[in-house]
Amino acid sequence: MENIQTYLPHLRGYNYTGKMPVVIDFYATWCGPCQAFAPSLERLAGEYAGRLKVLKVDVDKNEPLARAATIRSVPTLFFVDREGNIERHMGAMPYDALKERAEQLLG
């Protein structure tokens, strides 16, 4: 797994290690699959508020971070555990699979 420390120079003000797990959605406003997937992420953020952080990163507005994260296609999801380890998932996923992954992060 990748570690969030690799991206810290590009994540001003964020410190994931020891905090709650995080799902980061790298997306683009022009991306149809990203737009279709957005309601699932919003639902996840609502259902897991206070236990799991959900962040969205517009790759066009945050090019240095997207480059550092080697984002080649959108959507790309990063699932970050409490230790800062990252599991990368390319493409959207069904809500049930997203929720299952969130539960795994929460342990």
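Here, every reference points to the structure presented above.
So, here's what we can say about the structure. Owing to the predicted nature of the structure, the values given are computational and were not obtained by experimental measurement.

A closer look at the state of the cysteines
Scanning the entire structure with this criterion turns up one disulfide. Between C31 and C34 runs a disulfide, and the two sulfur atoms are separated by 2.5 Å. Handedness here is read from the sign of the S-S torsion; for C31 and C34, about 80 degrees, the answer is right-handed. Each member of the pair, C31 as well as C34, carries the same accessibility label: buried.

Details of the pattern of salt bridges
Counted according to the given criterion, the structure contains five salt bridges. Taking the shortest distance from any N to any O, the salt bridge between K56 and D25 comes out at 2.9 Å. On the criterion of sequence distance, the pair formed by K56 in strand β3 (residues 53-58) and D25 in strand β2 (residues 22-27) is long-range, its members being 31 residues apart. A salt bridge links E63 to R67, with the shortest nitrogen-to-oxygen separation between them at 3.9 Å. Of this pair, E63 and R67 both sit in helix α2 (residues 63-68), four residues apart, which is roughly one turn of that helix. Look at R67 and you get exposed, because its relative accessible area is 56%. Overlapping salt bridges bring together R43, E47 and K99 as one network.

What about the packing of aromatic side chains?
Scanning all chains against the criterion turns up one aromatic pair. Taking 4.9 Å as the distance between ring centres and 65 degrees as the angle between the ring planes, the aromatic pair formed by F26 and F78 counts as edge-to-face. In this pair, F26 sits in strand β2 while F78 sits in strand β4 (residues 76-80), placing the two residues 52 residues apart along the sequence. Residue class for F78 comes out buried when judged on its relative accessible area of 1%. The ring of Y95 has R43 lying over it, and the distance from NZ or CZ to the ring centre is 3.9 Å. The ring of Y27 carries K56 above its face, with NZ or CZ at 4.3 Å from the centroid.

Rules and cut-offs
Residues numbered from 1 in each chain as written. Predicted model: local features only at pLDDT ≥ 70, side-chain atom pairs only at ≥ 80, totals over all residues. Heavy atoms only, no water. Disulfide = S-S within 2.5 Å. Buried < 20%, exposed > 50% of the residue type's maximum accessible area, 1.4 Å probe, protein only. Salt bridge = Lys/Arg side-chain N within 4 Å of Asp/Glu carboxyl O. Helix = DSSP H or I, 4+ residues; strand = E, 2+ residues; numbered from the N terminus. Phe/Tyr/Trp six-rings, centres within 6.5 Å; stacked < 30°, edge-to-face > 60°. Lys NZ or Arg CZ within 6 Å of the ring centre and 35° of its normal.

Purely geometric stuff here, so don't read any function into it on its own.
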